[in-house]
Amino acid sequence: MNELPVLMGADRFEEKTYRERSMPLMRGRIVGYDADQMTFKFTMMNEARIVDCEISSIALDDLAGERGVRPGEREAQFKLLRDVIERVASDIFDKRGEAKGEAFRIFAKHIRNR
């Protein structure tokens, strides 16, 4: 079974790990960084349905514990943090349920409250 670090704050991970819980959403595809909206867009899958997701650049920076990442570096940053980002998106989906036609947005408050 995969083990993932437990997110404890804006930029640090607890040393202990927890066993991966089942996720209602599965990995989709990377769409890319939208510089106008300052969000990184990606998809996840709910069974056969595509779920649009996005994470704000501030939330990405909080996860990474850094600031000032250039737009051209956002995809590498997303890939590095992808497992944690997808867990957050799946947790939001699990709590909120599916809203057809609406993207799941991850903001800094979702990262800071974990």
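Read on for an overview of the structure. (Residues numbered from 1 in each chain as written. Predicted model: local features only at pLDDT ≥ 70, side-chain atom pairs only at ≥ 80, totals over all residues. Heavy atoms only, no water.)

Moving on: the overall build of the chain. When its secondary structure is counted, the chain shows three helices and six strands. The order of helices and strands in the chain, counted from the N terminus, is β-β-β-β-β-α-α-β-α. Expressed as a percentage of the 114 residues in the chain, the buried residues total 39%. At a minimum sequence separation of 6, the contacts of the chain that also span at least 24 residues come to 43%. (Helix = DSSP H or I, 4+ residues; strand = E, 2+ residues; numbered from the N terminus. Buried < 20%, exposed > 50% of the residue type's maximum accessible area, 1.4 Å probe, protein only. Contact = heavy atoms within 4.5 Å.)

As a further point, take the pattern of salt bridges. For the structure shown, the criterion picks out twelve salt bridges. With a shortest N-O distance of 3.4 Å, Glu102 and Arg96 are connected by a salt bridge. Residue classification places Glu102 among the partly exposed positions, given a relative accessible area of 40%. The class of Arg96 is partly exposed, set by a relative accessible area of 40%. Three or more residues joined by partner-sharing salt bridges are found here, namely Arg27, Arg82, Asp83 and Glu86. (Salt bridge = Lys/Arg side-chain N within 4 Å of Asp/Glu carboxyl O.)

As paired elements, strand S4 (residues 39-46) and strand S5 (residues 49-56) share eight bridges and run antiparallel to each other. Directly across from Phe40, in S5, lies its bridge partner Ile55. Connecting the antiparallel pair S4 and S5 is a turn made up of two residues, with Glu47 showing a positive phi of about 60 degrees. Bridge count between S5 and strand S6 (residues 104-106): three bridges; the pairing is parallel. Opposite Cys53, over in S6, you have Phe104 as the bridge partner. (Pairing = 2+ DSSP bridges.)

Take the side chain of Gln77 next. Residue placement: Gln77 occurs in helix H2 (residues 74-96). We classify Gln77 as buried; its relative accessible area is 6%. Here Asp61 takes part through its side chain, which lies 3.3 Å from a polar atom of the side chain of Gln77. Gln77 has contacts with Leu60, Asp61, Ala64, Glu66 and Val69, leaving out every residue within four places of it along the chain. (Polar contact = N/O pair within 3.5 Å; in protein donor to acceptor, adjacent residues only side chain to side chain.)

Because an α-helix packs 3.6 residues into every turn, residues spaced three or four apart end up facing the same way. Across the eight residues that make up helix H1 (residues 57-64), a large majority, six, are buried. Here H1 has its buried residues at Ser57, Ala59, Leu60, Asp61, Asp62 and Leu63. Just downstream of H1, Gly65 is the residue with a positive phi angle, here 75 degrees.

What follows deals with unusual backbone geometry. Even without glycine at this site, Met38 takes up a positive phi of about 55 degrees. The exposure class assigned to Met38 is partly exposed, which follows from its relative accessible area of 47%.

Okay, the sheet that holds S6 next. What links the strands of a sheet is backbone hydrogen bonding, and the strands pair in either a parallel or an antiparallel sense. Ordered in space as S3-S4-S5-S6, the four strands form an open sheet in which the pairing is mixed. In this open sheet, the two edge strands, each paired with only one partner strand, are strand S3 (26-34) and S6. Taking the axes of each pair of neighbouring strands and ignoring which way they run, one obtains an average angle of 25 degrees across the sheet. Packing against the sheet, H1 makes contact with S3, S4, S5 and S6, and its axis sits at approximately 75 degrees to S5. (Axes fitted to C-alpha atoms, helices over the stretch in contact; angles between N-to-C directions.)

No statement about biological role is implied by the geometric values presented.
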